[in-house]
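# Remarks on the overall topology
Spelled out, the chains give:
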Amino acid sequence: MFRSLNYLNGGLFDDFRRLEREMEQLFGAGPWPSGIRSVARGTYPPINIGSTPEQVDVYLFAAGLNTESLDISIQKNLLTIDGQRRLITEEGASYFRRERFDDAFHRVVTLPDDVDPEKVEASYVDGVLRITIQRRETTKPRQIEIK
Amino acid sequence: MNENRDVVKQRAGTSPKEREAELSIRMPVDIFEDETGITVLADMPGVSKERLDVQIDNNTLSIQGTTEIAMPDGMEALYADVRSTRYQRSFALSSELDGGKADASLKDGVLALRIPKREEHKARKIEVRTG
């Protein structure tokens, strides 16, 4: 389903994983590895981008977002997403872990050159913001008929 | 499945359980306690109610979920921060928490789990007698 996006091979990424693993072995963080920490350590929110000949889809993994705080803009092929996620602190409770992102964020994505900035749609489902940008007609592959 | 197998192959020295854990995302959580119980908030974007699994068994709380994201056919990846479709995390609970009365809700990819304390464990003010 999402495999093609999720298992992209990246040498740098694998190096990070190896480093993370070595760090954990060194500091003894338990018998099981902590898994991919891209969410906890990377820039917030994590982004996946996929393309087809018709469109480019940008997915932002940002749970619990107030969509009114979002400011999405596109200039030529540069997509900018500004937003914030502010968490409510429970008064009188004692916190053991506070790992969830609580701040403003800003991400800029460079899209392929042939996107049409006039044709952009955004939706927010289950904590994933999806921005779909159509590509220009002229760059879509065309079937050429042989006479 | 080819890509998947390649990742596993690189970890030939690890056990199957380790491999599985490594291929899943350890999602960020907030955990806080008040007088009546403990609340766990977990960010699991892309997970719907149907694909979320929360279990409390033998004092172990286990949270799992898989993402389901609408994608057009034939999509190719240009860039990916998120490389797994699975979230997983588990926590050991202490005995004063009543797992049987836990309550979970999911909104916009945020899981809110409330585990109340057993009645007899709720903090009591202890009178200090004098004399």
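Here is a short report on the structure shown in this document. What you are looking at is a predicted structure, and each value in this text was computed from that prediction instead of being measured.

Turning our attention to the packing of aromatic side chains. All names here are of chain A. Under the defined criterion, the tally for this structure stands at 4 aromatic pairs over all chains. Between Y44 and F105, the aromatic rings sit 5.7 Å apart at their centres with planes inclined by 70°, giving edge-to-face as the arrangement. Separated by 61 residues along the polypeptide, Y44 in the loop between α3 (38-41) and β1 (47-51) and F105 in strand β6 (residues 103-110) bring together distant segments of the chain. Neither residue differs from the other here; Y44 and F105 are each classed as buried. Linked through ring pairs, Y44, F101 and F105 together constitute an aromatic cluster.

Before going further, it helps to spend a moment on the pattern of salt bridges. According to the stated counting rule, one finds 16 salt bridges over all chains in the structure shown. We note a salt bridge from A:E99 to B:R89, for which the minimum N-O separation is 2.6 Å. Here A:E99, found in the loop between β5 (94-98) and β6, pairs with B:R89, found in strand β6 (residues 86-92), and the two come from separate chains. B:D98 is the partner of B:R118 in a salt bridge, and the nearest nitrogen-oxygen pair spans 3.5 Å. Here B:R118, found in the segment after β8 (110-116), pairs with B:D98, found in the loop between β6 and β7 (103-107); they are 20 residues apart in sequence, far enough to count as distant. The exposure class assigned to B:D98 is buried, which follows from its relative accessible area of 13%. One connected set of salt bridges, linked through shared partners, spans A:R85, A:R100, B:D30 and B:D43.

Rules and cut-offs
Counting restarts for each chain, with residues numbered from 1 along the sequence as it is written. Labels follow written order: the first chain is A, the first ligand is 1, and so on. The predicted nature of this model means local features are confined to residues of pLDDT at least 70 and side-chain atom pairs, given and counted, to a pLDDT of 80 or more, with totals for whole chains, interfaces and linings taken over all residues. Calculated side-chain values reflect all of the structure's heavy atoms, with hydrogen atoms and water omitted. Aromatic pairs are defined between Phe, Tyr and Trp rings, using the six-membered ring for Trp, whenever the two ring centres lie within 6.5 Å; interplanar angles under 30 degrees are classed as stacked, those over 60 as edge-to-face, and all others as tilted. For the purposes of this entry, the term helix denotes a DSSP run of H or I that reaches at least four residues, the term strand denotes a run of E that reaches at least two, and both are numbered from the N terminus. Accessible area is worked out with a 1.4 Å probe on protein chains only. A residue is then buried under 20% of its type maximum, exposed over 50%, and partly exposed in between. Salt bridge, as used here: a side-chain nitrogen of Lys or Arg that lies within 4 Å of a carboxyl oxygen of Asp or Glu.

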